Amino acid sequence: MRIPDEGYAPVRVTLHVNGRECKLLIPPHQTLVETLRSELLLTGVKCGCDDSNCGACTVLVNGKAVKSCCMLTAQADGARITTIEGLATDAGLHPLQRAFIDHSALQCGFCTPGMILTAKAILDENPHATEDEIREGLHGNFCRCTGYKKIVEAIMAVQRGDYDS
Amino acid sequence: MRLERYEKPETAEACVALLRQYGSDAKLLAGGTDLIPRLRAGVYCLKAVIDLSAIPGLSGVERTEDSLFLGSMLRLRTLQKDTPLSAPYAVLSRCAGHVSSMQVRNVATLGGNACNASPSADTAPGLLLLDAVCRIRGAAGTRTLALTDFLTAPGVTALQPDEFLEGFLLPPCRPHTGAAYEKYSIRGDSDIAIVGAGAALSLDAQRRICHARIALSSVGPTALRMYDAERLLLGQPVSRELLEDAAHLCSTACAPISDQRASAAYRREMTRVFTGIALQQAYGQAAATFPSR
């Protein structure tokens, strides 16, 4: 049961999440990670530090990687949002997802959704990204399990074309 | 964190009216990468945020005959990657690229980095090197203020309660100018700098220094201009010893603190090292503008 808090002016937003239009009425203080996880039940979006450091909450907003914990949902009105749930299609997992599995680029998996979306943003913007550019692009995503080596290898495998069908 | 309202004015006048209406109960929202975490941590308790992103004229780059205007809402990643700037203005793209990580830079803004006024803000030294002037809008209209006077204390600027920053005016650059910025931090750009060193040098036809700017971040309460070191350089032919002397002077003139990242003594030493590097780079760029002998 939600206890109504009527002391604020709710904000109407339209988000296009993983290809679906979502019209929401949300509190002005709700952050994008809260909306995605609690309103839209997209719990593939992880909430780690909740203060803009760890990158676990990374989603794509209009194709750009963004930390959803430090963005008000109201700021994303009208935007096209991609979460990890939006990567796989009926045809199967996204190449980055397959590469992460094949290269053991995840252990606990908590950083993985954000890591994969950041990787997608890196390669979408720069299909010829070098290893240095990939590592630089990953600066905003922390992983405590893998030591990053396998993550970088997986991304480079996709960049190299190993997963082109 | 709790807000009563999310405001998104569509004109500068509406924004100023909201600032006057709310007073200290509202803060301006640019990208939000500093504001939102602080709100969630309870550092501020507000009734509203005032989103600047719908106000026209704040996100662009405008070139006129006698100035370059950079809007306060210019996203740092846009400035880093998608804004062609001729040297030495291009040092700002480098500074912007040193702020945090790609995700933050996609959202964070040039104006936000300045108005947040962290002593370690990476874009501040670049703007200081280029003699940036802030264009500020308030109830009384528009005013300008040199960035050196805009940054007053850690986290504090000269903005009045009813004002917002429209952007930065950069004067024309002299020919034969090079500008560089070096950030030294333990964990790369997503870490806060131990020192950030910026230098700009202009050479005359005899390759003597006719104009010098040195600006440092993270070693004082605000980004600092190093006036004494600049005076040391003026009129001199460039030598390794001259640049080293200037860097040494900066290490004594700055005002670092000791914190969990570094001791004040270490910061002074790194100021000497990285100012020297920035000066060398600036000189190299300036020298390269002459036709090769």
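See above for the structure.
Residues numbered from 1 in each chain as written. Chains lettered and ligands numbered in written order. Predicted model: local features only at pLDDT ≥ 70, side-chain atom pairs only at ≥ 80, totals over all residues. Heavy atoms only, no water.

### A closer look at the overall build of chain B
So, step 1. When you go through chain B residue by residue, the secondary structure sums to eleven helices and 14 strands.
So, step 2. Based on the C-alpha atoms only, the size of chain B along its principal axes is roughly 65 × 45 × 30 Å.
So, step 3. When each of the 293 residues of chain B is scored for burial, the buried share is 56%.
So, step 4. A separation threshold of at least 6 residues defines the contact pool for chain B, and within that pool the share at least 24 residues apart is 62%.
So, step 5. For chain B, the accessible surface area stands at approximately 12000 Å², while carbon and sulfur atoms represent 50% of it.
So, step 6. Of note, chain B has its 31 positive side-chain charges centred 3 Å away from the centre of its 28 negative side-chain charges. (Helix = DSSP H or I, 4+ residues; strand = E, 2+ residues; numbered from the N terminus. Buried < 20%, exposed > 50% of the residue type's maximum accessible area, 1.4 Å probe, protein only. Contact = heavy atoms within 4.5 Å. Areas by Shrake-Rupley, 256 points an atom, 1.4 Å probe, with all protein chains shown as cover. Lys, Arg positive; Asp, Glu negative; His and termini not counted. Charge placed at Lys NZ, Arg CZ, Asp CG, Glu CD.)

### Some remarks on the interface of chain A and chain B
So, step 1. Tallying the contact residues gives 32 residues for chain A and 26 residues for chain B.
So, step 2. Between chain A and chain B the total buried area reaches about 2400 Å² when both faces are included, carbon and sulfur atoms providing 53% of it.
So, step 3. Of all residues in chain A, the largest losses of buried area upon contact with chain B belong to H29, C70 and Q75 of chain A, amounting jointly to 21% of the total for that side.
So, step 4. Scanning the region where chain A abuts chain B turns up four salt bridges.
So, step 5. Note that D50 of chain A and R40 of chain B form a salt bridge whose closest N and O atoms lie 2.8 Å from each other.
So, step 6. Seen at the junction of chain A and chain B, the total is twelve residue pairs in polar contact (both at pLDDT 80 or more). (Buried area = accessible area lost by both parts, 1.4 Å probe. Salt bridge = Lys/Arg side-chain N within 4 Å of Asp/Glu carboxyl O. Polar contact = N/O pair within 3.5 Å; in protein donor to acceptor, adjacent residues only side chain to side chain.)

### Focus: the sheet that holds strand β1 (residues 5-7) of chain B
All names here are of chain B.
So, step 1. Spatial strand order, β1-β3-β2: three strands in an open sheet with parallel pairing. Either end of the sheet is taken by a strand with one partner, and the two such strands are β1 and β2 (26-29). On average, each strand axis in the sheet is tilted by 25° relative to the strand beside it, whichever way the strands run.
So, step 2. Across four bridges, the pairing between β2 and strand β3 (residues 48-51) is parallel. (Pairing = 2+ DSSP bridges. Axes fitted to C-alpha atoms, helices over the stretch in contact; angles between N-to-C directions.)

### Notes on the side chain of S52 of chain A
So, step 1. With respect to the element layout, S52 of chain A can be found in the loop between α1 (32-39) and β3 (58-61).
So, step 2. For S52 of chain A, a relative accessible area of 14% translates into the label buried.
So, step 3. Here S52 of chain A is in contact with K67, C69 and C70 of chain A together with T33 and P37 of chain B, once residues within four sequence places are set aside.

### So, the packing of helix α3 (residues 112-125) of chain A against helix α5 (residues 149-160) of chain A
Residues and elements named next belong to chain A.
So, step 1. At their nearest, the axes of α3 and α5 sit 11 Å apart, and the two run at 40° to each other. What the angle tells us is that α3 and α5 run oblique. Between α3 and α5 lies a crossing of right-handed hand. Counted together, M115, A119 and L123 of α3 and I151, I155, V158 and Q159 of α5 form the full contact between these two elements.
So, step 2. Across the contact of α3 with α5, the residue classes break down as six nonpolar, one polar and no charged. (Parallel < 35°, antiparallel > 145°, perpendicular 65-115°, else oblique. Left-handed = near helix turned anticlockwise from the far one by under 90°. Nonpolar A, V, L, I, M, F, W, Y, C, P; charged D, E, K, R; others polar.)

### Quick word on the sheet that holds strand β2 (residues 20-26) of chain A
All names here are of chain A.
So, step 1. Spatially, β2-β1-β5-β3-β4 is the arrangement adopted by the five strands of the open sheet, whose pairing is mixed. In the strand order of this sheet, the two ends are held by β2 and β4 (64-67), each with one partner. Each neighbouring strand pair of the sheet contributes to a mean axis angle of 40°, computed without reference to strand direction.
So, step 2. The pairing of β3 with strand β5 (residues 80-82) spans two bridges and is antiparallel.

### Details of unusual backbone geometry
So, step 1. Geometrically, the link from A87 of chain B to P88 of chain B is a cis peptide bond, its omega value of -5° lying close to zero.
So, step 2. The residue S52 of chain A is not glycine, and still its phi comes out positive at about 80°.
So, step 3. The residue N62 of chain A is not glycine, and still its phi comes out positive at about 50°.
So, step 4. Residue placement: N62 of chain A occurs in the loop between β3 and β4.
So, step 5. A relative accessible area of 43% means that N62 of chain A is categorised as partly exposed.

### Here we look at the packing of aromatic side chains
All names here are of chain B.
So, step 1. Here the structure, examined in full by the defined rule, presents two aromatic pairs over all chains.
So, step 2. A centroid spacing of 4.8 Å and a plane angle of 10° characterise the contact between Y184 and F274, whose relative ring orientation is stacked. In this pair, Y184 sits in strand β11 (residues 177-184) while F274 sits in helix α11 (residues 264-288), placing the two residues 90 residues apart along the sequence. Across this residue pair, the class does not change: Y184 and F274 are buried.
So, step 3. One residue, K27, lies across the ring of Y44, its end atom 4.6 Å from the ring centre. (Phe/Tyr/Trp six-rings, centres within 6.5 Å; stacked < 30°, edge-to-face > 60°. Lys NZ or Arg CZ within 6 Å of the ring centre and 35° of its normal.)

### Comments concerning the side chain of T146 of chain A
Residues and elements named next belong to chain A.
So, step 1. Take T146: it is sitting in the loop between α4 (131-137) and α5.
So, step 2. On the basis of relative accessible area, T146 is assigned to the buried category, the value being 15%.
So, step 3. Within the local environment of T146, its side chain forms a polar contact with the backbone nitrogen of Y148, the two atoms lying 3.0 Å apart.
So, step 4. Residues in contact with T146, not counting those within four places in the same chain, are A105, L106, Q107 and I151.

### Brief notes about a nonpolar patch on the surface
Residue and element names in this part refer to chain A.
So, step 1. A cluster of nonpolar residues, L93, I101 and L106, forms a patch on the protein surface that exposes about 260 Å² of accessible area.
So, step 2. In this structure, L106 sits in the loop between α2 (95-102) and α3.
So, step 3. By relative accessible area, which is 36% here, L106 ends up partly exposed. (Patch = residues over 30% accessible without salt bridge, like charges linked within 9 Å, V, L, I, M, F, W, Y side chains within 5 Å.)

### A short note on the packing of α2 of chain A against α5 of chain A
All names here are of chain A.
So, step 1. Relative to each other, α2 and α5 sit at 135°, their axes nearing to 8 Å. On the basis of their axis angle, the class for α2 and α5 is oblique. Like other packed secondary-structure pairs, α2 and α5 cross with a definite hand, here right-handed. Here P95, L96, A99 and F100 of α2 lie close against α5, whose contacting residues are I151, A154, I155 and V158.
So, step 2. Here the contact of α2 with α5 is built from residues that sort into eight nonpolar, no polar and no charged.

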